[in-house]
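# Observations on chain architecture
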Amino acid sequence: MSTVASPQLCKESGQLEIHYKDSKNKDDVIPLWRKVMFASGAIPYAMCNTVVGFYLTIFLQEVAFLDPIYVMIIVFTGRVWDAITDPAVGYLTSRTKTRFGRLRPWMMTAAPIACVMYFALWFVPDQFVSEGFSEPGKFVYYIFAYYIFQSLLTCIHVPYTSLTMHLSSDPKQRDSATLYRIAFEVAGTLLGIGLFTAFYKAIVGNDEDNCSGEIREPDERKRKAYLAQGVTLGVLIVVFIAVTFIGVREQKEEIAKDKKIGFFRGWREVLGVKAYRHLLLLELFSWLSVQFVQGNFALYVKYSVGLEDQYPYVIAVLLVATI
C-alpha cells in the first residue's frame, strides 16, 4: 500500500486541490520488466548525443573537409534550434490524442526517420559525385541534416521524459522507474562511445595522420568507420524505442482539465517567473561550456597533445573513468 496524490478540481473555488490517499490499485505497481523496457528508451538520446557531441566537429573538418567557420555555424545553430524545438514538441504532444496515447506515437513515428537522418549526418555527399560537392553545397547539406536529426531526436526524447508521469500514479514507483532511466542513460553513453571506438579500431586502426598542414585526399577507411557506426547506432535507435513502445502503456490522465493555455501565453507565464529566468541562464552557460569542451576535445587531443588518431581511445577511457 502506498500514498498517492489525487488532484481534484474544486467546483466552488475553481482551483486544483491535491488530496492524498492510500492506493491499493495493482496498476500503480510497475513490474521490473516494464521498468527495464521503459528505461531502454533512454539509450538512443544518450548514445547519439555523446557520439555527435565528441565527433561531429572533427568529422566535418577532417572527413567532409568543411571550413571551420561552416562547422562552427552548423554545431552552434543546431544546438540553438534544438532549444527551440523542445517547447514546440512539448506543446504539440500535449494536444495529441490517439488510441496508443499522446506520447508513444511520437516516439515510434520519429524513430525510423531519425535512423535515416543519423546515417545521413555521417555521409559525405560528394563521394558519389564525379566533380564533388562545392563547400557551400556541403554546408547546406549538413546543416539541414543536423537540424532535421535534432528535431527528430527531440520528437523522441521530449515525449519519452514526459512518459514518466504516465507510468503510475504512485510517486515512489515513478521515482524507481526514473532511477532505471538514469542508469540506462549512462549505459547508452558508454554504448555509443564503445561502438564508435570498436568500429574505428577495426576499420581505421592506428593510422598515422598527416600533421604537415597539407590537404590530404579523403581517407576511405575513416569514411567507412563513420558510416558503419552511423548505420549501427541508427538501427539501435529504432530497436530501443520499439522496446519502450511495446512494453509501456500510458495511464489515462485523471486530472481535471481547465481551459487550455496557448503556446505563447504559456511561454510568457513561464518566463515571467524570476527564479526560472535565473535557472535558465545558469543552465544555458553551463551547457555552452560543456558543448565547447566536448566539441573540441578530439581536436585538442589530436593536435595539441599530439596523440594523432588515438583520440577515440582517449575519449573512451576518460568517459569510463569519469562514470
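Quick note: structure is the one above.
Residues numbered from 1 in each chain as written. Predicted model: local features only at pLDDT ≥ 70, side-chain atom pairs only at ≥ 80, totals over all residues. Heavy atoms only, no water.

## Here's the deal with the pattern of salt bridges
Inspection of every chain in the model, using the stated rule, returns 3 salt bridges. Of the charged contacts, one joins Glu-62 and Lys-302 as a salt bridge, the two residues approaching to 2.6 Å between their closest N and O atoms. Pair noted here: Glu-62 is in helix α2 (residues 43–62) and Lys-302 is in helix α9 (residues 274–304), with a separation of 240 residues, a long-range link. Given a relative accessible area of 16%, Glu-62 falls into the buried group. With a shortest N-O distance of 2.8 Å, Glu-185 and Arg-181 are connected by a salt bridge. Of the two residues, Glu-185 and Arg-181 are both situated in helix α6 (residues 171–203); the distance of 4 residues between them amounts to about one turn of the helix. For Arg-181, a relative accessible area of 16% translates into the label buried. (Salt bridge = Lys/Arg side-chain N within 4 Å of Asp/Glu carboxyl O. Helix = DSSP H or I, 4+ residues; strand = E, 2+ residues; numbered from the N terminus. Buried < 20%, exposed > 50% of the residue type's maximum accessible area, 1.4 Å probe, protein only.)

## Points about the side chain of Glu-250
Along the chain, the position of Glu-250 falls in the loop between α7 (220–247) and α8 (263–271). No salt bridge forms around the buried Glu-250; measuring N to O, its nearest opposite-charge neighbour Arg-104 is 4.0 Å away. Apart from the residues lying within four places of it in its own chain, the contact partners of Glu-250 are Phe-100, Gly-101, Arg-102, Leu-103, Arg-104, Pro-105, Leu-163 and His-166. (Lys, Arg positive; Asp, Glu negative; His and termini not counted. Contact = heavy atoms within 4.5 Å.)

## Details of the packing of helix α1 (residues 32–39) against α6
For the pair α1 and α6, interaxial distance at closest approach is 8 Å and the crossing angle is 45°. Looking at the two axes, α1 sits oblique to α6. In terms of crossing hand, the pair formed by α1 and α6 is right-handed. On α6, the residues that touch Leu-32, Lys-35, Val-36, Phe-38 and Ala-39 of α1 are Gln-173, Ser-176, Ala-177, Tyr-180, Arg-181 and Phe-184. Along the lines of polarity and charge, the residues of the contact of α1 with α6 split into 7 nonpolar, 2 polar and 2 charged. (Axes fitted to C-alpha atoms, helices over the stretch in contact; angles between N-to-C directions. Parallel < 35°, antiparallel > 145°, perpendicular 65-115°, else oblique. Left-handed = near helix turned anticlockwise from the far one by under 90°. Nonpolar A, V, L, I, M, F, W, Y, C, P; charged D, E, K, R; others polar.)

## Quick notes on the side chain of Lys-138
Examined against the element boundaries, Lys-138 turns out to sit in helix α5 (residues 135–162). Among the residues examined, Lys-138 registers a relative accessible area of 6% and is labelled buried. Look past the residues within four positions of Lys-138 in its chain and what remains in contact with it is Ala-64, Phe-65, Leu-66, Pro-125, Asp-126 and Phe-133.

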